[in-house]
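Each chain, written out:
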Amino acid sequence: MSERAVLSVSELSRRLAAVLEERFPAVWVEGEISNFKVYGSGHAYFTLKDEGAQLRAVLFRNRMRRIRFEPTDGLHVVAFGAVEAYPQRGEYQLVVELLEPRGLGALQLAFEQLKERLGREGLFNQARKRPLPRFPRKIGIVTSPRGAALHDMLRVIGRRFGEIHVVVAPARVQGEGAAAEVAQGIRELNALGGVEVIIIGRGGGSLEDLWAFNDEMLARTIAASKIPVVSAVGHEVDFTIADFVADVRAATPSQAAELVVREKQAVADSVDALRRRLGRAMARRLDAQRARLLAVRERRVLTDPHRPLRDLTRRLDDATDRLLRAARATLRHAAHRVELATRDLRARNPATRTRHDRRRLDELAGRLDRALARGLDGRRHRVTGAAGRLNSLSPLAVLGRGYSLTLSASGHIVRSVRQVAVGDEIGVMLHEGRLGARVTETKERDERPEV
C-alpha cells in the first residue's frame, strides 16, 4: 500500500494560487459594483456580482488615478485584470487594471457625474453669475498661443475695437496637465490687476480633446475668479463643465470676442446718438427754465418786494395777540388751580386733623368706659342670681332646712331600706355635724307620705 500524500494548508493554497494565476493572467469580467470603498491608502476594494455569483476585486491607487469616472455601487462595468489568490484568507480576487462603464463611455459618464455634483453645490446657479463690463479696457485670454482660437479672437478684437489692451496667459488646452495650466492662467490674470474680463477657450474637437475643460479643479477655479469669465470651448454644439460654471458661455472663441468687445463704429454711432439726445434734452430743459424765469419775474414778490414784509408784520401782530390772550388764560387757570389746591391743603393740615382725631378719640374713650361699666353691672347681676340659684340647689342648704343625709358604712348614700340590714352601722349627716348610729329595725313604706 502506497503512502498517502498529505499537503499542508499552506502548500495547497500555494498550488491553487499558482494554478489560478497561471490560468487567468488577464481576463475581462462584466458585473455590477457593490460595497465600493476607498481606504486611506488610496486603494479601492469592491465586489463584482451578477445574478449567480460574486467576485472580490481591488483597484490599487496608481490605477485609480487613471479612471476618469467615479465608480459607485450599482454601476454596471467591465473590468480587466488578473486573478490572484490571497492564501492568508483562502480567498481569490481580481486585481483590476482597467475599469469601464457598460453603456455610456467612461468620459461621458464622468462628465455627467461631475455635472450633477457641481450642480447640487450651486456652481451653475444663474444668481451667482456676473454681467460682463460694457467697455472693458483690458481683456485677459487663457488659451494656446499657437492655436487658431487665439488668432480668431485677436482678429475680431482688432477689427471691432483695436485700442483695447489684451493680455494672453498661454496654456495648453489639450492633454495631460492642460486643465492645471488653464486654471493657473485664470489665477495669474486675477492677480495681475486691471483685467476686467477673462476669456478661456479653444477650437472644436472630440470629447477627449475638450476633456481639460471638464476638470473639477478648473471648474472651481472659474467659480472662485473675482473677474467675470467667458467660456468659449469648441463649436456651438460642444458643451463642457467650464461652460456651465462660467459667467457667460460663447458658442465659439470668435463669438466670445464679439460678446466682450463692442464694435468701435457701433459704439461711436451710439455715442453720437446719445450726444444728439443730450442736445435735445438740454434744449428742452433750457426752454422750460426760461419759461419758469419769465413766470417768476411776473410774481408780486418781485414787483412789490415790500408786500411779503407787510404780510409778515400782520401775521406777527396776530400771533402776538393770540399769545398774550393764551398767556392770560393760562395764568387764570393756574391761579384757580392754586386756590383749589390751597383749600385742599388746608383741609389736610396735620394740626387740624390731629385736633379732630383727638376729639374723636376722647369721645370713643368715654363711650368705651360707659359700655364697660354697663357690661360689668349686667354680668355682676347675672353672677349674683346664678350664685343664689346654686346656693338654693346646694345639699348643705337642704340640710339647713332640717333634713339629714344617711350614709352606709362604705360612704354611699342610703336611698332605700334594702341597702342596709339590722345591726349595720350607718352615719347621719346633719347641717352642723355628723352622727353615728346602728340599724335596729327596717320597714318599707308602701305609700309615700304627702308633702
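Everything discussed here concerns the structure shown above.
Residues numbered from 1 in each chain as written. Predicted model: local features only at pLDDT ≥ 70, side-chain atom pairs only at ≥ 80, totals over all residues. Heavy atoms only, no water.

A. Quick look at the overall build of the protein chain. The helix and strand inventory of the protein chain stands at 13 helices and 13 strands. Taking 2.2 N^0.38 as the reference for a compact globule, 451 residues should give roughly 22 Å; the C-alpha atoms of the protein chain span a radius of gyration of 64 Å, well beyond that estimate. Taken along the three principal axes of its C-alpha coordinates, the protein chain extends 165 × 150 × 35 Å. The proportion of buried residues among the 451 residues of the protein chain is 27%. Across the protein chain, contacts joining residues at least 24 apart in sequence account for 60% of those joining residues at least 6 apart. When the accessible area of the protein chain is evaluated, it comes to approximately 31,800 Å², of which 54% is carbon and sulfur surface. The protein chain carries 78 positive and 57 negative side-chain charges, and their two centres are separated by 13 Å. (Helix = DSSP H or I, 4+ residues; strand = E, 2+ residues; numbered from the N terminus. Rg over C-alpha atoms; globule rule 2.2 N^0.38 Å. Buried < 20%, exposed > 50% of the residue type's maximum accessible area, 1.4 Å probe, protein only. Contact = heavy atoms within 4.5 Å. Areas by Shrake-Rupley, 256 points an atom, 1.4 Å probe, with all protein chains shown as cover. Lys, Arg positive; Asp, Glu negative; His and termini not counted. Charge placed at Lys NZ, Arg CZ, Asp CG, Glu CD.)

B. Layout of a positive patch on the surface. On the surface, Arg360, Arg367, Arg370 and Arg374 cluster together into a patch of positive charge. Overall, the relative accessible area of 49% leaves Arg370 in the partly exposed class. (Patch = residues over 30% accessible without salt bridge, like charges linked within 9 Å, V, L, I, M, F, W, Y side chains within 5 Å. Salt bridge = Lys/Arg side-chain N within 4 Å of Asp/Glu carboxyl O.)

C. Looking closely at the sheet that holds strand β8 (residues 197-202). Strand order in the open sheet made by the 5 strands is β7-β6-β8-β9-β10, with parallel pairing throughout. A strand with exactly one partner marks an edge of an open sheet, and here the two such strands are β7 (165-170) and β10 (248-249). Note that strand β6 (residues 138-143) and β8 share 4 bridges and pair parallel. Its bridge partner lying in β8, Val142 is registered against Ile200. Across the face of the sheet, helix α5 (residues 178-192) comes into contact with β6, β7 and β8 while running at roughly 165 degrees to β6. (Pairing = 2+ DSSP bridges. Axes fitted to C-alpha atoms, helices over the stretch in contact; angles between N-to-C directions.)

Bear in mind that shape data such as this cannot, by itself, settle questions of function.
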